[in-house]
Each structure stands twice: as structure tokens, then as C-alpha cells.
Amino acid sequence: MANQEQIKQASAKLYLNLDNPQSVKKQLQRINQAQKELRQLKGEVNSKIQEVNQPVKSFGIDEAASIGLHIFGQHRIANQVTRQGNQAERRGKNQQNKAKQPLIRMRELIDKYIFEGDRLKLMAQNYLQENK
């Protein structure tokens, strides 16, 4: 799983010094490599978010009990059991959303660094075209 330190290491390679065309070409390669690492880290973060997003809902005892109670005419109790099951499901989703927040922030940070790499590459390409 990607962590903050790996993101910092990859993003540290995102700088550009417009001194001479040969140097700029090597820097472009370094920036491309850093972006490749960042995209790989983003893929790991996305897969972790997918794991967190897995549904927590399954046909459980509360649904079975509710059906049984409806069959035997205990509708009020059946509705109460269903309501309690729904509340538990909502609590699970809230916890799921809380678990995703740090991952979403990490993904947004990676996106910012990838965008910065694109900006640097564009600057380098403009420099190389002007200094052919």
C-alpha cells in the first residue's frame, strides 16, 4: 500500500532546471519516471479504496427474522427488526466513509503531483523547441 513517504520520494524528483538541452532531456526522463511511480502508487490507493467500498450488506439474521415474523403476523415487531438492521447498515456505511477519507486525500495529493509533472514537462518541451 502506498504511504506518504513513498509519495514524497517520488514527488521530490519533480523539478526542472532549464540550463541546456541535454540536461533538460535527462530531466524529462526523470520526471516521466516519477510520474510513472506516482501513477503506480495511485493505483494502489485506488485498489485500497475499492476494498473499503466492498458492500458490508449481506442477507443476515435480521432479514430472516423479519420475514418469519411477517409470515406469523407479527408485522410491528418485524418492522422494528428491519429498522434496526437498516440503522446498523447506515452505521457501517458511515464508518466506511470515515475510513476512505485519508485514502481520498492521498489520491488527491498524488493527482496534484502528477499534474505538476505535466506542467514541468510542458515547460521543458517548450524550452527544447525554442533551443533546437
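Read on for an overview of the structure. For clarity, every value in this text was computed on a predicted model and none was experimentally measured. (Residues numbered from 1 in each chain as written. Predicted model: local features only at pLDDT ≥ 70, side-chain atom pairs only at ≥ 80, totals over all residues. Heavy atoms only, no water.)

Counting 21 residues, the largest nonpolar core has Ile7, Leu14, Leu16, Val24, Leu38, Val45 and Ile110 as its most contacted members. Counting residues per element, this core draws most heavily on helix H2 (residues 21–53), which supplies nine residues. Here Ile110 is in contact with Ile7, Leu38, Leu41, Lys42 and Val45, once residues within four sequence places are set aside. (Core = buried A, V, L, I, M, F, W, Y, C linked by side-chain atoms within 4.5 Å. Buried < 20%, exposed > 50% of the residue type's maximum accessible area, 1.4 Å probe, protein only. Helix = DSSP H or I, 4+ residues; strand = E, 2+ residues; numbered from the N terminus. Contact = heavy atoms within 4.5 Å.)

Right, let's get into the side chain of Arg30. Within the secondary structure, Arg30 is located in helix H2. Buried and unpaired, Arg30 has Asp19 as its nearest opposite-charge partner, separated by 8.8 Å. In contact with Arg30, not counting residues within four places along its chain, are Lys13, Leu14 and Tyr15. (Lys, Arg positive; Asp, Glu negative; His and termini not counted. Salt bridge = Lys/Arg side-chain N within 4 Å of Asp/Glu carboxyl O.)

Further remarks concern H2. Structural remark: α-helix, 3.6 residues per turn; residues separated by three or four positions point the same way. With 33 residues, H2 extends 47 Å between its outermost C-alpha atoms, agreeing within 8% with the 48 Å of an ideal straight helix rising 1.5 Å per residue. Measuring from the side-chain oxygen of the N-cap residue of H2 to the backbone nitrogen of Gln22 gives 3.2 Å; that N-cap residue is Asn20. (Expected span 1.5 Å × (residues − 1). Polar contact = N/O pair within 3.5 Å; in protein donor to acceptor, adjacent residues only side chain to side chain.)

Moving on, we get to the packing of aromatic side chains. With the rule as written, the count across this model stands at zero aromatic pairs. Residue placement shows Arg30 over the ring face of Tyr15; its charged tip is 3.8 Å from the ring centre. (Phe/Tyr/Trp six-rings, centres within 6.5 Å; stacked < 30°, edge-to-face > 60°. Lys NZ or Arg CZ within 6 Å of the ring centre and 35° of its normal.)

Moving on to the packing of helix H1 (residues 4–11) against helix H4 (residues 75–130). Where H1 meets H4, the closest approach of the two axes is 11 Å, and the angle between their N-to-C directions is 5°. For the element pair H1 / H4, the angle class is roughly parallel. Packed against H1, whose contacting residues are Gln4, Ile7 and Ser11, the element H4 presents Met106, Leu109, Ile110 and Tyr113 at the interface. Grouping the amino acids of the contact of H1 with H4 by side-chain chemistry returns five nonpolar, two polar and no charged. (Axes fitted to C-alpha atoms, helices over the stretch in contact; angles between N-to-C directions. Parallel < 35°, antiparallel > 145°, perpendicular 65-115°, else oblique. Nonpolar A, V, L, I, M, F, W, Y, C, P; charged D, E, K, R; others polar.)

As a further point, take the environment of Ile7. Assignment of secondary structure puts Ile7 in helix H1. With relative accessibility at 1%, the residue Ile7 sits in the buried group. For the pair Ile7 and Lys42, spaced 35 residues apart in the sequence, the C-alpha separation amounts to 9.3 Å. In contact with Ile7, other than residues within four places in its own chain, are Leu38, Leu41, Met106, Leu109, Ile110 and Tyr113.

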